[in-house]
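# Summary of the model geometry
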Amino acid sequence: MVKATLALMAALALGACAGPQMVGRAADGLGGTGLVAAGQRVSAAYDVTRIDVVVPRNLKVSEENTFVPMADIVWHGDATGDRYAQVQSIMAEAAERGTSGMASGQKVTVQVEVSLFHALTPKARYTFGGNFATRLLLTVRDAATGAVVDGPRLVVADCPAAGGQRAMAEEARGLTQRMVIVDHVSGVLARELSTRPAAAPTPVVSRNAFQPSDLGLLQ
């Protein structure tokens, strides 16, 4: 039973990972790769005039140092404080970087709503590692009329998270969890905003309840 429990904990760790904020457009550079929604897509050209990053206050935050806390927001990369504001800052930086070169085409505003942000707890970070799991609701609107151009649709922006000696080596050379997440999510958003579904997808309704299946833990 003890061996089975430890094996389950290891598997879980490997799978884990305020109001709107207006973001500027000064950052440059892209990074990371991400999952693109299945189905036919067409290229898109936008002049992004504003970005609103929303982290709903009804998302559940956990400060537990367990392998996979049952919560919507898990973040230990900053000192204990307002986790909603901290996650908003991370996503705002990623969104700013991911749209920095988008200044031609239809003028639009972009809303990025966080529905899941699972970084690693110290317990997972310094043992098995896992994944940084992020779920975003992306909505693109015409800047003049407010009409929805694309979305709202779910964007999955997960990426591997180092653990153990590798994690410590990354931090020793200044590669923090925040840097990895910002780099990856910026690349995901750049890709998602460079194409859009050929036909309007079924709008996604925001849901806040975290489920282990969100991290691929249960099928």
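Here goes a summary of the coordinates provided. (Residues numbered from 1 in each chain as written. Predicted model: local features only at pLDDT ≥ 70, side-chain atom pairs only at ≥ 80, totals over all residues. Heavy atoms only, no water.)

Attention now moves to the environment of Val 180. Along the chain, Val 180 turns up in helix H5 (residues 177–194). Residues Val 180 and Ala 162 lie 18 residues apart in sequence; the distance between their C-alpha atoms is 9.9 Å. With sequence-adjacent residues up to four places away left out, Val 180 is seen in contact with Phe 132, Cys 159, Pro 160 and Leu 175. (Helix = DSSP H or I, 4+ residues; strand = E, 2+ residues; numbered from the N terminus. Contact = heavy atoms within 4.5 Å.)

Contact geometry for helix H2 (residues 83–98) and H5: axes closest at 8 Å, N-to-C directions at 45°. On the basis of their axis angle, the class for H2 and H5 is oblique. Along this stretch, H2 crosses H5, giving a crossing that reads as right-handed. Facing H2, whose interface residues are Ser 89, Ile 90, Met 91, Glu 93, Ala 94, Ala 95, Arg 97 and Gly 98, H5 presents Arg 178, Ile 181, Val 182, Asp 183, Val 185, Ser 186, Leu 189 and Ala 190. (Axes fitted to C-alpha atoms, helices over the stretch in contact; angles between N-to-C directions. Parallel < 35°, antiparallel > 145°, perpendicular 65-115°, else oblique. Left-handed = near helix turned anticlockwise from the far one by under 90°.)

Further remarks concern the pattern of salt bridges. Taken as a whole, this structure holds 12 salt bridges when the rule is applied. Among the salt bridges present, the one from Arg 125 reaches Glu 171, with a minimum N-O distance of 3.1 Å. Of the two residues, Arg 125 sits in helix H3 (residues 122–125) while Glu 171 sits in helix H4 (residues 164–172), which places them 46 residues apart along the sequence. Bridged by salt links that share partners, the residues Glu 93, Arg 97, Arg 178 and Asp 183 form one connected network. (Salt bridge = Lys/Arg side-chain N within 4 Å of Asp/Glu carboxyl O.)

Across the 13 residues of strand S7 (residues 130–142), 11 count as buried, placing the element largely inside the fold. Sheet analysis places strand S6 (residues 106–118) next to S7, joined by 10 bridges and oriented antiparallel. Paired with Gln 111 across the strands is Thr 139, a residue of S7. Across three bridges, S7 lies against strand S9 (residues 159–161) in antiparallel orientation. Bridge pairing links Gly 130 to Ala 161 in S9. Taken together, the six bridges between S7 and strand S8 (residues 148–156) define a ladder with antiparallel strand orientation. For Arg 141, the partnering residue across the bridge sits in S8 and is Val 148. Counting the residues that bridge the hairpin from S7 to S8 gives five residues, and of these Gly 146 lies at a positive phi of roughly 80°. (Buried < 20%, exposed > 50% of the residue type's maximum accessible area, 1.4 Å probe, protein only. Pairing = 2+ DSSP bridges.)

This brings us to the side chain of Asp 150. Mapping Asp 150 onto the fold places it in strand S8. Among the polar contacts made by the side chain of Asp 150, one reaches the side chain of Arg 153 at a distance of 2.9 Å. Discounting residues that sit within four places of it in the chain, Asp 150 has contacts with Tyr 46, Leu 138, Thr 139, Val 140, Thr 195, Arg 196 and Pro 197. (Polar contact = N/O pair within 3.5 Å; in protein donor to acceptor, adjacent residues only side chain to side chain.)

We now examine H4. For H4, the set of buried residues is Gly 164, Ala 167 and Glu 170. Down the axis, H4 shows its buried residues gathered within 120° of arc, on one side only. Structural note: H4 exposes Gln 165, Arg 166 and Ala 172 on the side pointing more than 90 degrees away from its buried face. Packing partners of the buried residues in H4 comprise H3. (Arc of directions from axis to C-beta.)

Our next topic: H2. When the terminal C-alpha atoms of H2 are compared, their 22 Å separation across 16 residues agrees well with the 22 Å that a helix rising 1.5 Å per residue should span. Within H2, 13 of the 16 residues are buried, which leaves it mostly tucked inside the rest of the structure. Regarding H2, its N-cap is Asp 82, as a side-chain oxygen of that residue lies 3.0 Å from the backbone nitrogen of Tyr 84 further along. (Expected span 1.5 Å × (residues − 1).)

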